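So you can see what is in the structure, the chains are spelled out below.
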Amino acid sequence: MSLIKQLWLAISAVTLLVFGGAFLLTTVAARNYLAEQLYVKNVDNATVLALSMSQMPKDPVTLELQVSAQFDAGHYRSIHLLAPDGSTLLARQDDRTADDVPAWFAALTPLTVKPGVAQVQDGWKQFGRLEVESHTRYALAELWRSTLHLAGWCVAAALLTSLVASLLLRLLLRPLDQVVTQAEAIGARRFITTEEPSTPELRRVVRAMNALSDRVKLLMLEESRRVEELRRKAQADPLTGLAGREAFMSALAARLEPDQTIGAGCIAVLRVTALGELNQRVGRIVADQCLLQLSESLRTLVETRTGAIAGRLNGSDFAILLPGESDDGVVLAALLDAAGDATSTLTPPSSLPIGATHYLPGEAPGHVLARMDSALAASERSGQPEIREAPRRDDFREPTDAEGWRHLLDEALAPGKVLLGHYPVVTPTGAVLHFESPVRLNLGGQWQPASRFVAWAARLGKLQTVDALVLDAAFKRIKATGEPLGINLSLESVRHPEFARMIADRLHADPELAQALWLEVPEHGAYHHLEAFRNFCHALKPTGCRIGLEHAGPGIARIGELHDVGLDYLKIDAAIIRGIDAHPGNQAFLRGLCMVAHAIGLQAIAEGVSTPSEREALPGLGIDGLTGPAIQAG
Amino acid sequence: MRDVLLCGRKWRQGALSAIPSWHRRRAAIFQLAATLLLSSLLLGVGFVAAKPLFDQLTAVAVQRYGPPGRDAVTAWRRLLADAAGLDEVEQVRRVNAFFNRRIQYESDDVVWHQNDYWATPLETLGRAMGDCEDFAIAKYVSLEALGIPRSKLRLTYVRAQIGGPTSGIVQAHMILGYYPEPSADPMILDSLISEIRPASRRPDLAPIFSFNAEGLWVAGAPAVSDPTARLSRWRDVLQRMAQEGIQ
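Small disclaimer: the values here were computed from a predicted structure and weren't measured.

### Things to note about the overall build of chain A
At step 1: Looking only at helices and strands, chain A has 21 helices and 20 strands in total.
At step 2: The C-alpha atoms of chain A give 47 Å as radius of gyration, which overshoots the globular expectation for 634 residues (26 Å, by more than 25%).
At step 3: Reported as C-alpha extents along the three principal axes, the dimensions of chain A are approximately 160 × 55 × 45 Å.
At step 4: Looking at chain A as a whole, 50% of its 634 residues are labelled buried.
At step 5: Looking at chain A alone, contacts between residues at least 24 apart form 69% of all its contacts between residues at least 6 apart.
At step 6: As presented, chain A carries roughly 28,900 Å² of accessible surface, and 58% of it is formed by carbon and sulfur atoms.

Spelled out as structure tokens, the structure:
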């Protein structure tokens with residue numbers, strides 16, 4: 001039984017006892033009081049009548065008249081005059097009962113009053129004994145009426161007391177609910193802080209828990225910084241802090257996996273020509289300054305995009321990988337700006353060659369790099385940025401403009417039908433955590449993976465519709481098979497509160513669905529729209545579904561900001577996982593990342609596990625789940 | 001004779017007491033209820049009613065009046081013991097003689113510094129003083145203790161003519177009447193004269209009203225104070241007697 005119920009019961013019992021007791025005692029006291037008064041009246045009236053009779057003639061008529069006068073004008077039940085031998089000389093009696101008093105009440109509170117007795121003298125002789133009994137019916141009626149009144153008051157007062165007590169209880173115990181919520185959150189490794197309640201005992205508890213949360217937060221901050229440092233050491237170019245060649249190539253390979261959700265994109269390289277000459281001409285320090293500025297511009301460019309990365313491939317080659325970007329104009333303009341800013345301080349300003357190419361998921365990394373190199377070489381010759389298209393596919397003729405895409409997507413979404421992929425996510429021991437279910441859309445008669453259309457769907461604002469259809473399909477499949485499913489949600493959906501509300505309603509109505517649902521959002525997007533993502537979590541966590549970040553890793557330094565939303569898992573980006581078995585730096589980073597994740601109760605899942613040796617190496621680093629081409633269910 | 005004049009009493013006019021309105025008393029009732037609730041909680045099981053024993057009387061007498069009080073009570077108990085089993089007329093004679101000899105007549109003014117005070121037998125014996133109703137009460141109680149039924153005893157208010165049949169001095173007075181038979185001429189136990197005479201031989205006394213303890217709650221009630229008993233002199237004295245140990 002809950003505390004509030006127990007307290008309430010105790011209060012009710014005490015209230016009942018007090019008011020019930022007061023009611024009973026008052027009624028009994030009133031009855032005794034009335035009986036006492038009636039008895040006094042009996043005695044006094046008997047004495048007065050006996051005195052008057054003693055003085056008067058004792059003939060029957062006078063006696064009769066005296067008794068009648070008293071009886072008829074007064075309030076008596078009986079007046080008896082008994083001879084000394086006990087025989088009745090005179091008797092008057094009125095046996096009417098109180099008609100407005102229920103019989104049970106009269107029986108329950110009998111108003112028994114002894115008659116008043118007095119002696120009548122005839123000179124020196126005893127004449128008789130007078131017994132006078134007052135009527136009790138009006139007293140009984142009064143007692144009944146006042147008892148009713150009193151009962152009414154007691155019930156009203158008891159109700160009021162109970163009402164006030166329960167209100168007071170709720171008020172007093174509200175902070176307790178807060179404390180319990182916080183304690184449960186901490187138990188679930190969500191280290192939230194709450195406002196301190198005014199109750200001193202609870203305040204101390206909350207203060208202690210807040211201190212714990214703060215300390216964990218601080219610890220997280222330090223730990224995630226340390227891990228970030230590991231990442232830099234393992235992956236970054238020492239001077240610029242951009243990704244090194246190896247890290248960049250891992251990322252490219254991860255983006256080229258055939259079935260991943262980010263889709264096609266652009267890759268571009270910018271060559272700082274004659275770096276050695278530049279060093280000699282302006283001095284190493286100024287040249288380095290130049291490179292740093294360029295790096296900074298590139299970093300800003302990739303910072304807010306999922307899966308995007310900037311890298312320094314060698315001393316003079318700087319590259320960016322922009323998954324999901326299909327507009328080469330944007331990329332080139334940004335690169336030119338960056339290059340312009342970096343070289344503006346140099347005299348004369350040198351124009352830097354830029355080579356770029358589109359790529360499609362499923363291409364071999366070598367092909368993409370070769371295309372990029374050829375574009376760069378062409379740019380070096382022409383002095384203009386050069387761009388190469390990705391090879392056309394035979395199976396799917398992509399529209400060439402926005403209008404074409406809009407038409408194609410509308411056509412695909414109109415029937416409200418999507419297919420879901422089915423890739424297992426398993427624990428190191430082989431148990432299935434859930435099945436990743438990337439969406440397939442019927443584009444021009446063929447089911448195509450998300451990577452084919454997701455960039456355009458985002459640009460045309462269709463992702464929310466896609467997500468809604470995906471969820472419908474997922475719910476249907478969960479209902480049918482009971483399998484837990486992992487669903488990628490786009491940022492567009494996360495940013496719309498009514499979308500979260502819609503899912504929450506659906507999940508509240510059917511908790512079984514919630515149990516089997518794993519929702520994931522790209523890490524970049526979550527940090528970029530932190531407030532929206534937090535609201536999304538607050539809306540959905542209570543349903544019991546799981547929420548995680550996908551493509552996680554680059555943002556590890558900010559994980560502390562999400563320590564209190566109740567995340568369940570991180571899916572660590574394939575770029576980190578790729579070649580992990582042979583890369584001690586990345587191993588150290590991944591081990592730290594898993595530790596941080598575990599500290600706040602997150603499962604760490606490796607994305608894009610593509611070789612058996614990777615699969616073998618990962619569990620030792622603290623990974624809880626694996627998915628990718630090398631992973632099969634069971 | 002001078003003493004006799006002091007037996008005068010003022011009649012306290014007892015009006016027919018109407019029951020005070022219950023409404024007016026309701027506040028007091030609530031208060032009483034609260035007190036009862038509290039005291040019942042505090043006292044728990046409640047107290048055992050003191051069992052009045054005749055022995056208790058001696059202890060009370062010693063405590064209040066010292067050795068003379070003890071002697072008086074002892075003498076009284078001896079009287080009661082000696083008279084037990086004798087015929088009623090002899091009992092009446094002995095009791096009358098005992099008190100008339102032992103108790104000195106004094107008015108309430110002198111004994112109690114009050115206008116009118118009805119003393120219990122213990123108080124009368126303890127002080128060895130009393131006025132007319134104190135004599136009558138002590139004799140009544142003694143005879144009742146000897147087993148004479150109440151119906152044969154009457155405390156009687158009389159109009160006493162002092163100083164012979166021709167005298168004009170009239171005095172309010174109280175005597176105890178003993179009725180050998182209910183319809184018989186009573187024997188008068190008086191404090192004015194030591195001799196017991198039948199009523200027919202007391203032309204100086206005119207009966208006005210008589211009473212005894214018949215029909216009264218107090219006589220048989222446990223010695224818990226009944227607030228209404230205090231209001232009646234007669235019930236008050238019966239109650240005080242019960243508390244002192246006389247039943």
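Once you've had a look at it, read on.
### Focus on the side chain of R534 of chain A
Residues and elements named next belong to chain A.
At step 1: You can see R534 is positioned in helix 18 (residues 530-540).
At step 2: For R534, a relative accessible area of 16% puts it in the buried group.
At step 3: Residues in contact with R534, not counting those within four places in the same chain, are E561, D564 and V565.

### Thoughts on the nonpolar core
At step 1: Core analysis: the largest hydrophobic core is formed by 90 residues, its most contacted members being L489, F533, L590 and L618 of chain A.
At step 2: The element that contributes the greatest number of residues to this core is helix 13 (residues 463-481) of chain A, accounting for nine residues.
At step 3: Setting aside anything within four residues of it in sequence, one finds L590 of chain A in contact with I572, I576, I577, I580, L618, L621 and I623 of chain A.
At step 4: Within the second largest apolar cluster, 79 residues are counted, among which are W76, F98, A136 and A213 of chain B.

### Regarding the sheet that holds strand 13 (residues 439-443) of chain A
Across a sheet, paired strands are connected by hydrogen bonds in the backbone, their directions being either parallel or antiparallel.
Residue and element names in this part refer to chain A.
At step 1: Sheet architecture is open: three strands sit in the order 10-13-14, paired in antiparallel fashion. A strand with exactly one partner marks an edge of an open sheet, and here the two such strands are strand 10 (419-420) and strand 14 (446-449).
At step 2: With two bridges joining them, strand 10 and strand 13 adopt antiparallel strand pairing. Across the sheet, the residue bridging to L419 is R440, located in strand 13.
At step 3: Strands strand 13 and strand 14 of the sheet are contacted by helix 12 (residues 450-459), whose axis makes an angle of about 75 degrees with strand 14.

### A word on the environment of F23 of chain A
Residue and element names in this part refer to chain A.
At step 1: Along the chain, the position of F23 falls in helix 1 (residues 3-55).
At step 2: Counting along the chain gives 52 residues from F23 to H75, while the straight-line C-alpha distance between them is 29 Å.
At step 3: In contact with F23, not counting residues within four places along its chain, are T147, L150, A151 and C154.

### Regarding the confidence of the model for chain A
At step 1: The pLDDT averaged across chain A works out to 86; a share of 97% of its residues lies at or above 70.
At step 2: Element-level pLDDT for chain A is lowest in helix 9 (residues 328-343) of chain A, with a mean of 75, against a maximum mean of 94 in strand 19 (residues 603-606) of chain A.

### Remarks on the domain arrangement of chain A
At step 1: You can read the domains of chain A as domain 1 (3-160), domain 2 (239-388) and domain 3 (402-626).
At step 2: Between the C-alpha centres of domain 1 of chain A and domain 3 of chain A there is a distance of 88 Å.

### Digging into helix 4 (residues 88-102) of chain B
Helical geometry: 3.6 residues make up each α-helical turn, so side chains three or four residues apart lie on a common side.
Residues and elements named next belong to chain B.
At step 1: The terminal C-alpha atoms of helix 4, which comprises 15 residues, lie 21 Å apart, in line with the 21 Å expected from a rise of 1.5 Å per residue.
At step 2: Of all the residues in helix 4, the buried ones are Q91, V92, V95, N96, F98, F99 and N100.
At step 3: The backbone nitrogen of V89 has a side-chain oxygen 3.1 Å away, supplied by the residue at the start of helix 4, namely D87.

### Observations regarding the packing of helix 7 (residues 275-282) of chain A against helix 8 (residues 284-303) of chain A
Residues and elements named next belong to chain A.
At step 1: For the pair helix 7 and helix 8, the least separation of the axes is 6 Å and the interaxial angle reads 125 degrees. On the basis of their axis angle, the class for helix 7 and helix 8 is oblique. Side by side, helix 7 and helix 8 meet where L275, L278, N279 and V282 of the first sit next to R284, V286, A287 and L291 of the second.
At step 2: Of the residues in the contact of helix 7 with helix 8, the class split is six nonpolar, one polar and one charged.

### Considerations on the packing of aromatic side chains
For any pair of aromatic rings, the description rests on two quantities: the centre-to-centre distance and the angle between the ring planes.
At step 1: For the coordinates displayed, the defined rule picks out 14 aromatic pairs over all chains.
At step 2: Between the aromatic rings of Y157 of chain B and F211 of chain B, the centroid separation amounts to 5.8 Å while the plane-to-plane angle is 40 degrees, which identifies the pairing as tilted. Pair noted here: Y157 of chain B is in strand 3 (residues 153-162) and F211 of chain B is in strand 7 (residues 205-211), with a separation of 54 residues, a long-range link. The same class applies to Y157 of chain B and to F211 of chain B, which are both buried.
At step 3: Among the aromatic side chains, those forming a connected cluster through ring pairs are W118, Y140, Y157, F211 and W234 of chain B.
At step 4: Over the ring of Y76 of chain A we find K41 of chain A, and its NZ or CZ is 4.6 Å from the ring centre.
At step 5: Above the ring of W112 of chain B, the side-chain terminus of R127 of chain B is found at 4.2 Å from the ring centroid.

### Let's talk about the pairing of strand 4 (residues 169-178) of chain B
Residues and elements named next belong to chain B.
At step 1: By the criterion of burial, strand 4 is predominantly enclosed, with seven of the 10 residues buried.
At step 2: The sheet contact formed by strand 3 and strand 4 spans 10 bridges and is antiparallel. Bridge pairing in strand 4 places I162 opposite I169.
At step 3: If you look at the hairpin formed by strand 3 and strand 4, you'll find six residues sitting between the two strands, and G163 has a positive phi there, around 85 degrees.
At step 4: Pairing geometry for strand 4 and strand 5 (residues 187-189), over three bridges, is antiparallel. What sits directly across from L176, in strand 5, is L189.

### Some words on a nonpolar patch on the surface
All names here are of chain A.
At step 1: The grouping of L160, L163, V164 and L167 at the surface amounts to a nonpolar patch, some 400 Å² of accessible area in total.
At step 2: When you line up the elements, L160 lands in helix 4 (residues 137-187).
At step 3: Judged by its relative accessible area of 54%, L160 falls in the exposed class.

### Quick look at the pattern of salt bridges
At step 1: With the rule as written, the count across this model stands at 38 salt bridges over all chains.
At step 2: We note a salt bridge from E616 of chain A to R615 of chain A, for which the minimum N-O separation is 3.7 Å.
At step 3: Residue R615 of chain A is classed as partly exposed on the basis of its relative accessible area of 32%.
At step 4: Where R94 of chain B meets E90 of chain B, a salt bridge forms, and the shortest distance between an N and an O atom there is 3.2 Å. Highlighted residues: R94 of chain B and E90 of chain B, both in helix 4, separated by four residues, approximately one helical turn.
At step 5: A residue is classified by how much of its surface remains accessible, and E90 of chain B, at 23% relative accessible area, is partly exposed.
At step 6: Salt bridges linked by common partners bring R271, D317 and E380 of chain A together as one network.

The rules behind the values
Residues numbered from 1 in each chain as written. Chains lettered and ligands numbered in written order. Predicted model: local features only at pLDDT ≥ 70, side-chain atom pairs only at ≥ 80, totals over all residues. Heavy atoms only, no water. Helix = DSSP H or I, 4+ residues; strand = E, 2+ residues; numbered from the N terminus. Rg over C-alpha atoms; globule rule 2.2 N^0.38 Å. Buried < 20%, exposed > 50% of the residue type's maximum accessible area, 1.4 Å probe, protein only. Contact = heavy atoms within 4.5 Å. Areas by Shrake-Rupley, 256 points an atom, 1.4 Å probe, with all protein chains shown as cover. Core = buried A, V, L, I, M, F, W, Y, C linked by side-chain atoms within 4.5 Å. Pairing = 2+ DSSP bridges. Axes fitted to C-alpha atoms, helices over the stretch in contact; angles between N-to-C directions. pLDDT = per-residue confidence, 0-100. Domains from an automatic or database assignment. Expected span 1.5 Å × (residues − 1). Polar contact = N/O pair within 3.5 Å; in protein donor to acceptor, adjacent residues only side chain to side chain. Parallel < 35°, antiparallel > 145°, perpendicular 65-115°, else oblique. Nonpolar A, V, L, I, M, F, W, Y, C, P; charged D, E, K, R; others polar. Phe/Tyr/Trp six-rings, centres within 6.5 Å; stacked < 30°, edge-to-face > 60°. Lys NZ or Arg CZ within 6 Å of the ring centre and 35° of its normal. Patch = residues over 30% accessible without salt bridge, like charges linked within 9 Å, V, L, I, M, F, W, Y side chains within 5 Å. Salt bridge = Lys/Arg side-chain N within 4 Å of Asp/Glu carboxyl O.

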